Amino acid sequence: MIGVGRSKQNLNVVDRPLGKGKTEVLLSAFAFLFSELVQYNQTRVDNIAELERRLEDAGYAVGIRMLELLCHREKGNRRETRLLNILSFVHSTVWKSLFGKVADSLEKGTEHEDEYMISEKELLVNRYISVPKDMGAFNCGAFVAGVVKGVLDGAGFPARVTAHFVAVEGQPRPRTTILIKFSEEVLQREARLG
């Protein structure tokens, strides 16, 4: 009876169940890898806008994968179909998976019906990056904006997502706001769903 009762350790990688895995990465390892990502892209661009676009593209790829993973793990392969539900998913589940905590705030824009903002007092990707004087307007939050855009696009909610610094009175560092501007088709679909 050789090979009748295969033990767990002999299972093929494909046959093993997809578990939760380790959910935390050392902060120093993340800071080092992210710093290298920024430096790598910085040597290949001519201006700040192009650097932020490249970071956003890298974040977009992460966002698409995060959506797949979290929908599988947390929601039993179901995806959100309503606007507020997907925003809540990004604000809580995605943010907690990436940064270990829920985002500081999720707000609806007051000037435009199609704008929402996720604000973070001290965004992790901006915490350990020192920006040279000649790149004063550079915001590493573009990476997180790319992640949010990837999650939203993958879920069928196309949007323009950008990262901005917002000065806070009495704080030495500005907070980062991820501005989400949904496309017209999303708003029309939401109106039809009632």
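Residues numbered from 1 in each chain as written. Predicted model: local features only at pLDDT ≥ 70, side-chain atom pairs only at ≥ 80, totals over all residues. Heavy atoms only, no water.

## Some details on the side chain of Thr-176
To keep it simple, the criterion reads: Comment: elements are numbered from the N terminus, with helices defined as DSSP H or I runs of at least four residues and strands as E runs of at least two. Only protein chains enter the accessibility calculation, which uses a 1.4 Å probe; a residue whose area is less than 20% of its type maximum is buried, one above 50% is exposed, and one in between is partly exposed. A contact between two residues is defined here by any heavy atoms of the two lying within 4.5 Å.
Considering the arrangement of structural elements, one finds Thr-176 in strand β4 (residues 175-182). Under the relative-accessibility criterion, Thr-176 is labelled buried at 2%. Apart from the residues lying within four places of it in its own chain, the contact partners of Thr-176 are Ile-118, Ser-119, Glu-120, Leu-123, Asn-126, Asn-139, His-164 and Phe-165.

## Quick word on the sheet that holds β4
Short version of the rule: Strand pairing requires that DSSP identify at least two bridges connecting the strands. Fitted lines through C-alpha atoms serve as axes, helices being fitted only where they are in contact, and the angles separating the N-to-C directions of these axes extend from 0 to 180 degrees.
Taking strand neighbours across the sheet as the criterion, the four strands line up as β1-β2-β4-β3 in an open arrangement whose pairing is antiparallel. The open sheet terminates on both sides in strands that have one partner only, identified here as β1 (105-108) and β3 (159-166). Taking each pair of neighbouring strands and ignoring which way they run, the sheet shows an average axis angle of 20°. Helix-sheet contacts for helix α3 (residues 83-99) involve β1, β2 (115-120) and β4, and the interaxial angle to β2 is about 15°.

## So, the pairing of β4
In the case of a regular strand, side chains alternate between the two sheet surfaces. Bridge analysis of β2 against β4 gives six bridges, and the strand direction is antiparallel. What sits directly across from Glu-120, in β4, is Thr-176. As judged from the eight bridges shared by β3 and β4, these two strands associate in the antiparallel manner. Of the residues in β4, the one forming a bridge with Val-161 is Ile-180.

## Describing the pairing of β1
Alignment of β1 against β2, held across four bridges, turns out to be antiparallel. Each residue of the ladder has a partner; that of Glu-107, found in β2, is Met-117. What sits between the antiparallel neighbours β1 and β2 is a turn of six residues.

## Some details on the pattern of salt bridges
As a reminder, the rule being used: Only one rule defines a salt bridge in this text: a Lys or Arg side-chain nitrogen within 4 Å of an Asp or Glu carboxyl oxygen.
The full count for this structure, using the stated rule, is ten salt bridges. Between Glu-68 and Arg-79 there is a salt bridge, with the nearest N and O atoms lying 2.3 Å from each other. Here Glu-68, found in helix α2 (residues 48-75), pairs with Arg-79, found in the loop between α2 and α3; they are eleven residues apart in sequence, far enough to count as distant. Note on Glu-68: relative accessible area 45%, which makes it partly exposed. Linked through salt bridges whose partners overlap, the residues forming this network are Lys-101, Asp-104 and Glu-120.

## What to know about the side chain of Thr-162
The condition is simple: Whenever two N or O atoms come within 3.5 Å, that pair is a polar contact, provided that in protein one can donate a hydrogen and the other can accept it, and provided that, for residues adjacent in sequence, both atoms are side-chain atoms.
Here Thr-162 is to be found in strand β3. At a separation of 2.7 Å, a polar atom in the side chain of Thr-162 contacts the side chain of His-164. Sequence-distant contacts of Thr-162, that is, excluding residues within four places in its chain, are made with Ala-145, Thr-177, Ile-178 and Leu-179.

## Comments concerning the packing of aromatic side chains
Defined as follows: In this scheme Phe, Tyr and Trp rings, the latter by its six-membered ring, pair at centre separations within 6.5 Å, and the angle between planes marks the pair as stacked below 30 degrees, edge-to-face above 60, and tilted otherwise.
As enumerated under the stated definition, the model contains four aromatic pairs in all. Both rings, one in Tyr-116 and one in Phe-182, keep their centres 5.9 Å apart while their planes meet at 75°; by these two values the pair is edge-to-face. Of this pair, Tyr-116 sits in strand β2 while Phe-182 sits in strand β4; the two residues are 66 residues apart in sequence, bridging distant segments of the chain. A relative accessible area of 8% means that Tyr-116 is categorised as buried.

## Overview of the confidence of the model for the protein
Applied cut-off: For every residue, the predictor reports its confidence as pLDDT, a number between 0 and 100.
The pLDDT averaged across the protein works out to 87; a share of 89% of its residues lies at or above 70. Confidence, read as mean pLDDT per element, is least for helix α4 (residues 124-127) in the protein (88) and greatest for helix α5 (residues 141-154) (97).

## Description of the packing of α2 against α5
Axis angle and axis distance: for two packed helices, these are the angle between their axes and the distance between the axes, and together they describe the pair. Which entries qualify depends on this criterion: For classification, angles of less than 35 degrees are called roughly parallel, those exceeding 145 degrees roughly antiparallel, those between 65 and 115 degrees roughly perpendicular, and all remaining angles oblique. Note on convention: near helix rotated counterclockwise from far helix by under a right angle means a left-handed crossing. Clockwise means right-handed. Residue polarity is assigned by list, with Asp, Glu, Lys and Arg as charged and Ala, Val, Leu, Ile, Met, Phe, Trp, Tyr, Cys and Pro as nonpolar; anything else, Gly included, falls into the polar class.
Between α2 and α5, the least distance of the axes is 6 Å, while the angle of their chain directions is 40°. Between α2 and α5, the interaxial angle falls into the category oblique. In the packing of α2 onto α5, the handedness of the crossing is right-handed. Only Ala-142, Phe-143, Gly-146, Val-147, Lys-149, Gly-150, Val-151, Asp-153 and Gly-154 of α5 make contact with α2, whose side of the interface consists of Glu-52, Leu-55, Glu-56, Ala-58, Gly-59, Tyr-60, Val-62, Gly-63, Ile-64 and Leu-67. Along the lines of polarity and charge, the residues of the contact of α2 with α5 split into ten nonpolar, five polar and four charged.

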